[in-house]
Amino acid sequence: MSSVCDICGKTPGFGNNISHSHRRSRRRWNPNIQRLRVMVKGAPKRQNVCTKCLKANKVARVG
């Protein structure tokens, strides 16, 4: 599944895991993306929406 919000364009953040001995390995922080049916121009459509957009009422859910 895509880790990009179709509303705000939020994408994963990248950084390092750092162990106790200070060894580093790459990691990523994924946004909380939900696949929902939302109203787009008066018609229902499936979109990937982050939970921040849902809580801010930036989309109108169907059903």
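These figures come from a predicted structure and were not determined experimentally.

Q: Just checking my understanding: could you explain unusual backbone geometry for this structure?
A: Note: most residues except glycine have negative phi, and most peptide bonds are trans. The phi angle at His 22 is positive, at roughly 70 degrees, despite the residue not being glycine. In this structure, His 22 sits in the loop between strand S1 (13-18) and strand S2 (24-29). Backbone geometry places Lys 41, a non-glycine residue, at a positive phi of 55 degrees. The topology assignment puts Lys 41 in the loop between strand S3 (33-40) and strand S4 (43-50).

Q: Help me out: how do you make sense of the nonpolar core in this one?
A: Side chains of nonpolar character tend, in soluble globular proteins, to be buried together. Counting eight residues, the largest nonpolar core consists of Cys 5, Ile 33, Leu 36, Val 38, Val 49, Cys 50, Cys 53 and Val 59. For this core, the elements supplying multiple residues, two or more each, are S3 and S4. Broken down by element, the residue count for this core peaks at three residues, all from S3. Non-local contacts of Cys 5, meaning those with residues more than four positions away in its chain, are made with Lys 10, Ile 33, Asn 48, Val 49, Cys 50 and Cys 53.

Q: I keep staring at the state of the cysteines and nothing clicks. Help me out?
A: Simply put, the disulfide is a covalent bond whose two ends are the sulfur atoms of two cysteines. Applying the stated rule across the entire model yields zero disulfides. Sulfur of Cys 5: no disulfide; nearest cysteine sulfur belongs to Cys 8 and is 3.6 Å away. Residue Cys 53 stays outside any disulfide, its sulfur separated by 3.5 Å from that of Cys 50, the closest cysteine.

Q: Just checking my understanding: could you explain the environment of Arg 23 for this structure?
A: Relative to the helices and strands, Arg 23 resides in the loop between S1 and S2. Since its relative accessible area comes to 65%, Arg 23 is described here as exposed. C-alpha of Arg 23 to C-alpha of Ser 2: the two residues are 21 residues apart in sequence and 29 Å apart in space. Not counting the four nearest positions on each side in its chain, Arg 23 is found in contact with Asn 17 and Ile 18.

Q: Just checking my understanding: could you explain the environment of Asn 30 for this structure?
A: Take Asn 30: it is sitting in the loop between S2 and S3. Using a relative accessible area of 45% as the deciding quantity, one classes Asn 30 as partly exposed. Separated by 16 residues in sequence, Asn 30 and Phe 14 have C-alpha atoms that sit 8.8 Å apart. In this structure Asn 30 touches Ser 3 and Pro 12, once residues within four positions along its chain are discounted. A polar contact is formed between the side chain of Asn 30 and the side chain of Arg 28, at a distance of 2.9 Å.

Criteria and thresholds
- Residues numbered from 1 in each chain as written.
- Predicted model: local features only at pLDDT ≥ 70, side-chain atom pairs only at ≥ 80, totals over all residues.
- Heavy atoms only, no water.
- Helix = DSSP H or I, 4+ residues; strand = E, 2+ residues; numbered from the N terminus.
- Core = buried A, V, L, I, M, F, W, Y, C linked by side-chain atoms within 4.5 Å.
- Buried < 20%, exposed > 50% of the residue type's maximum accessible area, 1.4 Å probe, protein only.
- Contact = heavy atoms within 4.5 Å.
- Disulfide = S-S within 2.5 Å.
- Polar contact = N/O pair within 3.5 Å; in protein donor to acceptor, adjacent residues only side chain to side chain.

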